[in-house]
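The residues making up each chain are set out below.
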Amino acid sequence: MTTAALTAGLDRIPDQLGYLVISEDGVLASAGELENDEHTASVMMQMVRTASRFRLSGSPEPPFKRMSVILEDFVYAVTVSGQKVFVVKRQHNQQEPVSV
Amino acid sequence: MGCCYSSENETSSQDPDEIKPLIPHPMPDKPSNGTDWITTDVPSARTDEQALLTSILTKTAQNIIDVSAADSVMMEQHEYMDKARQYSTKLAVLSTSLPQKKPLTLPSLTSQPHQVLASDLVPYSDVQQVSKIAAYAYSAISQIKVDAKEELVVQFAIP
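Described below are features of the structure shown in this document.

The rules behind these values
Counting starts from 1 at the beginning of each chain's written sequence and moves along it residue by residue. To label them, take the chains in the order written and letter them from A, then take the ligands in the order written and number them from 1. Local features in a predicted model are, by the rule used here, given only for residues with pLDDT of at least 70; side-chain atom pairs are given and counted only at 80 or more, and totals for whole chains, interfaces and linings are based on all residues. In computing side-chain values, all of the structure's heavy atoms are included and hydrogens and water are not. In what follows, a contact means two residues having at least one pair of non-hydrogen atoms within 4.5 Å. Buried area adds together the accessible area that both of two parts lose upon being put together, with accessible area traced by a 1.4 Å probe. The salt bridge definition used is simple: a Lys or Arg side-chain nitrogen within 4 Å of an Asp or Glu carboxyl oxygen. Residues adjacent in sequence count toward polar contacts only when both atoms are side-chain atoms; beyond that, a polar contact is any pair of N or O atoms within 3.5 Å, and within protein one must be able to donate a hydrogen and the other to accept it. A helix here means a DSSP run of H or I that spans at least four residues, while a strand means a run of E at least two residues long, and both kinds are numbered starting from the N terminus. All residues other than Ala, Val, Leu, Ile, Met, Phe, Trp, Tyr, Cys, Pro, Asp, Glu, Lys and Arg, Gly among them, are scored as polar; the first ten of these are nonpolar and the last four charged. Working rule for helices: expected span equals 1.5 Å times residues minus one. Exposure categories follow from relative accessible area, calculated using a 1.4 Å probe and restricted to protein chains: below 20% of the type maximum is buried, above 50% is exposed, and the middle band is partly exposed. Summarising the geometry, the arc corresponds to the directions from the helix axis toward the C-beta atoms. Nonpolar side chains (Val, Leu, Ile, Met, Phe, Trp, Tyr) are joined into patches within 5 Å and like charges within 9 Å, using only residues with over 30% relative accessible area and no salt bridge. Surface exposure here means Shrake-Rupley accessible area, sampled with a 1.4 Å probe, where a residue is shielded only by the protein chains that are shown.

Turning our eyes to something else, we now look at the interface of chain A and chain B. Listed per partner, the contact involves 37 residues of chain A and 20 residues of chain B. Here chain A packs against chain B, burying approximately 2,400 Å² in sum over the two surfaces, 64% of which is carbon and sulfur. Where chain A meets chain B, there are 0 salt bridges. Taken together, chain A and chain B are joined by 9 residue pairs in polar contact (both at pLDDT 80 or more). At the level of secondary structure, the elements contributing two or more residues to the side of chain A that touches chain B comprise α1 (3–7), α2 (38–51), β3 (67–70), β4 (74–81) and β5 (84–91) of chain A. In terms of residue count, β4 of chain A provides more of the side of chain A that touches chain B than any other element does, 6 residues in total. Residue classes in the side of chain A that touches chain B are distributed as 18 nonpolar, 11 polar and 8 charged.

Following this line, the structure appears as structure tokens:
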């Protein structure tokens, strides 16, 4: 899979502020606010490694598809596919249910 | 013929072997009148000083780590080689029987990463609920403590 094919869909994600595609060997692609952000890449890699070690009883696979790191203004959405970690930084604007 | 405990036996009970010590004194020639305690003759001030110096010496000796003593276990070159070979053989045997640690490769969470990442974010109410549950769990765990009701170490009553 070429780098362009890896990132093609990431650009179209709504409220996307930047993204990272990481393999075991390092950052394969990056853009926006996460461009060349090696530090975030290594932290996200460690977090997803730790999270993927959790297992619900009787299930051999990790019980989740996506890890969300929720901060005040933005969210890191992380998933793993084909031995690559995909990180997308998205705007977080649903702080509280809007009271009418 | 006398009966038991009659005076006939009294003479035999005074056998000289009975009062002789089984182990003879190591230095029977040395008089035991205290002449070897020479220090008792010196003035008491000198004794105090001696005692003080001795106690300082003892304290110092307790605080000293003798590095030269640590090197006392000398090993020959070939002994080192033997040990190294022994350990590496042992390690090789053990490492084959150990479960492979390395295949902790990343699991595949999805086959469609773009779709998963583009889907709606987790609702705020869900996050709030999870945070609340985590806070409760943390609080509960932090309150776990050992309530000792009896001695942990007990003596067995050995007759």
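Read on, since the account is not over.
Turning next to α2 of chain A. In an α-helix there are 3.6 residues to a turn, and that puts residues three or four apart on one side. Residues and elements named next belong to chain A. Over its 14 residues, α2 runs 20 Å from end to end, which matches the ideal 20 Å to within 8%, given 1.5 Å per residue. Turning to α2, its buried residues are Thr40, Ala41, Met44, Met45, Val48 and Ala51. Axial view of α2: buried residues confined to an arc of 135°, hence all on one face. In α2, those exposed residues whose orientation departs by more than 90 degrees from the buried face are Glu38, His39 and Gln46. Along its buried surface, α2 packs onto β1 (16–23), β2 (26–32), β3, β4 and β5.

Moving on, we get to a nonpolar patch on the surface. Among the surface-exposed residues, Leu52, Leu53 and Ile56 of chain B lie close enough to one another that they form a single nonpolar patch of about 300 Å² accessible area. Among the secondary structure elements, Leu53 of chain B is positioned in helix α3 (residues 44–63).

What follows concerns unusual backbone geometry. Its identity as a non-glycine residue notwithstanding, Asp15 of chain A has a phi of 60°, on the positive side. Positionally, Asp15 of chain A belongs in the loop between α1 and β1.

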